Amino acid sequence: LAYAHESGFVHRDIKPENAFMLTDGRVKIMDFGIATKGGGNKEGRVLGTPYYMAPEQICNLELDGRCDLYALGILAYELVTQEVPFDAESIQDLFRKHIHSPMPDPRKIVPELPEDLYEFIMTSTQKAPTDRFPDCSVAASFLKAASEVPVLDRFGMSTLSATYHESRRDEVISIL
């Protein structure tokens, strides 16, 4: 996706059906059939899959890679919760939700959701493009940095040993 954006393309249809996972774990984006170059939405039509469309895409405004990041955030929400964040009886109501409704908190469905994944979803799906990650490289760097933070396995650590100076005994006991 970053490569497409660096080449001036906006995909406009990021969704599960257009993401393909290779056996080595890398994900490839497919179907650039409605991709646009140089700002997009020049045809005067709203194109994309409604469940994943960014507000500016719905409103037929100038597009850049941040509209794909919005869709990627929606896709991440769906992968984590097993449901799309916005649904409605009509396409108009669905569009209104994308434009006006706050993004549902995925932790209400998945309370143990890691903070970094929560932050990625919530930042990527901000209503205003300027409030999202500025581009895929920044989003990828955020996720990479978050994945490198060591997390203790709470089940793997059943005992803890601490060595302290005898003069600190009362402090150690107060912590326990």
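Predicted model only: the values in this text are computed from it and were never measured. (Residues numbered from 1 in each chain as written. Predicted model: local features only at pLDDT ≥ 70, side-chain atom pairs only at ≥ 80, totals over all residues. Heavy atoms only, no water.)

Overview of unusual backbone geometry
Move 1: Phi at R12 is positive, roughly 70 degrees, even though this residue is not glycine.
Move 2: Its place among the elements puts R12 in the loop between strand 1 (9-10) and strand 2 (19-21).
Move 3: Residue classification places R12 among the buried positions, given a relative accessible area of 3%.
Move 4: One non-glycine residue, N60, lies in the positive phi region at around 60 degrees.
Move 5: Among the structural elements, N60 can be located in the loop between helix 2 (55-58) and helix 3 (65-81). (Helix = DSSP H or I, 4+ residues; strand = E, 2+ residues; numbered from the N terminus. Buried < 20%, exposed > 50% of the residue type's maximum accessible area, 1.4 Å probe, protein only.)

Examining helix 3
Move 1: For helix 3, with 17 residues, the first-to-last C-alpha span of 24 Å sits near the 24 Å given by 1.5 Å per residue.
Move 2: In terms of burial, helix 3 is a largely internal element, 13 of the 17 residues being buried.
Move 3: A positive phi of about 70 degrees marks Q82, the residue just after helix 3. (Expected span 1.5 Å × (residues − 1).)

Details of the environment of G48
Move 1: Inspection of the secondary structure assignment puts G48 in the loop between strand 4 (36-37) and helix 2.
Move 2: With 14 residues separating them in the primary sequence, G48 and I34 have C-alpha atoms 7.6 Å apart.
Move 3: Not counting chain neighbours up to four residues away, the residues in contact with G48 comprise R12, D13, I34, M53 and Q57. (Contact = heavy atoms within 4.5 Å.)

Treat this as a map of the structure, not an account of what it does.
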